[in-house]
Amino acid sequence: MCANKLTMPIPEYLSEILESVRANTAGEVANYIPELKKADPNPLAIAICTVDGRIYSAGDDEVEFTMQSISKPFAYALALQECGADQVFDTVAVEPSGEAFNELSLDGSNRPMNPMINAGAIAINQLINGSDSSVEDRVEKIRKYFSELAGRELMIDRRLTESELVGADRNLSIAHMLRNYGVIDDDAHDAVLSYTLQCAIKITVRDLAVMTATLAAGGVQPITGKKLIDTKVCRLTLSVMASAGMYNEAGQWLSTVGIPAKSGVAGGLIGILPGQLGISTFSPRLNAQGNSVRGVEIFKTLSDDMGLHLMSTEPVAVHAVRTITEKDGVTTIRLQGAMNFSAGENFLHEIQQHQFEGEMVVLDLSRVITLHPMAMRMIKEGLKRIRDAGFKVAIVDPDNVLPNFTFSDGTLCAQLASERDL
Ligand code: GLU
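The protein has the name Glutaminase in an unreviewed UniProt entry, where Corynebacterium callunae DSM 20147 is given as its organism. Under Subunit (unreviewed entry), UniProt gives the following word-for-word description of the protein: "Homotetramer."

Let's talk about the nonpolar core
Met-67, Phe-74, Phe-146, Met-211 and Ile-229 are the most contacted members of the largest nonpolar core, which has 75 residues in total. Setting aside residues up to four positions removed in sequence, Phe-146 forms contacts with Met-67, Ser-71, Phe-74, Ala-75, Leu-154, Ile-201 and Met-211. Ranked by size, the runner-up nonpolar core spans 60 residues in total, among them Tyr-56, Ile-279, Leu-365 and Cys-413.

Some points on the UniProt feature "domain: STAS" (unreviewed entry) in the protein
UniProt records the feature "domain: STAS" (unreviewed entry) for residues 320-396 in the present numbering. Segment residues 320-396 splits into 38% helix and 44% strand. End C-alpha atoms: 16 Å apart.

Observations concerning the site of the ligand
In the region of the ligand, the neighbouring residues are Tyr-32, Gln-68, Ser-69, Phe-101, Asn-118, Glu-164, Asn-171, Tyr-195, Cys-199, Tyr-247, Gly-264 and Val-265. In this structure, an oxygen atom belonging to the ligand sits 2.9 Å away from a side-chain N or O atom of Asn-118. Here the ligand loses 99% of its free accessible area of 290 Å² to cover by the protein chains. Counted by class, the shell around the ligand contains 6 nonpolar, 5 polar and 1 charged residues.

Cut-off values and rules
- Residues numbered from 1 in each chain as written.
- Predicted model: local features only at pLDDT ≥ 70, side-chain atom pairs only at ≥ 80, totals over all residues.
- Heavy atoms only, no water.
- UniProt positions renumbered as here; feature names shortened; annotations may be inferred.
- Core = buried A, V, L, I, M, F, W, Y, C linked by side-chain atoms within 4.5 Å.
- Buried < 20%, exposed > 50% of the residue type's maximum accessible area, 1.4 Å probe, protein only.
- Contact = heavy atoms within 4.5 Å.
- Helix = DSSP H or I, 4+ residues; strand = E, 2+ residues; numbered from the N terminus.
- Near = heavy atom within 4 Å.
- Polar contact = N/O pair within 3.5 Å; in protein donor to acceptor, adjacent residues only side chain to side chain.
- Areas by Shrake-Rupley, 256 points an atom, 1.4 Å probe, with all protein chains shown as cover.
- Nonpolar A, V, L, I, M, F, W, Y, C, P; charged D, E, K, R; others polar.

This is the structure in structure tokens:
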């Protein structure tokens, strides 16, 4: 019997979530960019990437779309890397504006309010590769950096850029305002061109999940293992995303979903659980605040189901699987700590990798402190799959952290009072 054939339930869970929102066709695709107005409104996709570099996805996960405003936090991270925090703070503040993304506004010291609104993002773009850089060199620097974060060569949608530039009066007004107050030196048209090309970098939800997981992992790209962002830069970027990432919906977002996030008008949405996960969704119809309708709905479900809210007071666990040992035909898996989504994922991953032998598998929960309902569901599903692969399964749960032993198909798992009962 070989448990390597076990299937992973996380993609199934992600597909279920997509199905739960598929019927919601509220909202409109962004109509102020002609190419985006023509976009198919129906694609729906989700991906998550752990800080260990495991990616799970469902739906239209190979469809490319443009980053748009999702490029802003990554460009901010690059500017912080290149110029240091002092110069970046002198140029752009870090206060939530509560305004629309394209507001013509500055703070009392004539700085854009934050790097997540267009005024701030245009100023940040200008810091990259030095203020005397050509547009092409600056954009190439950004494209290369984003490609390293994604782990593959990303391309720019030049047609969409041209289409956006035709009606870019608002962003041009912002650039003129920035020049007038000495925030940028470059010609306003070049500044808008450079920023618009940055927004037109094409990605999939899987790319975004990896890029986002890099921020979650303190700057280590989880697939290549390269350290691409300083830990402190990650923290600064996540902080601004938390307070200003969701435009004028930022406060409500932090209350209900509770994780740093950023959305873009092409329909992408990213969220980060520091130290644990990067999450991304794609669905082009937007609400009045410019955020993806189904994306917001998915994130609300994920946050509730997985217990992701950062202000949640439940402790976080990482290495949930303490040991897996085998003796006399019995394999014992020992779990430990506070079991949340990441702990559940760790358990499912370990059992999928393990070469089970013998007759029986025992799951020992005696060192588990708390068990979130999502982790409970994941543990039961994993055990059920071990049983379906032909093993007898039993649980040791002296403190009754698992309130019932019924699997999803209604069958029961045996309970042992202790490992000694074997
Ligand atoms: N390129 C878009 C703009 O500046 C990005 C807006 C967004 O995604 O919010 O209008």
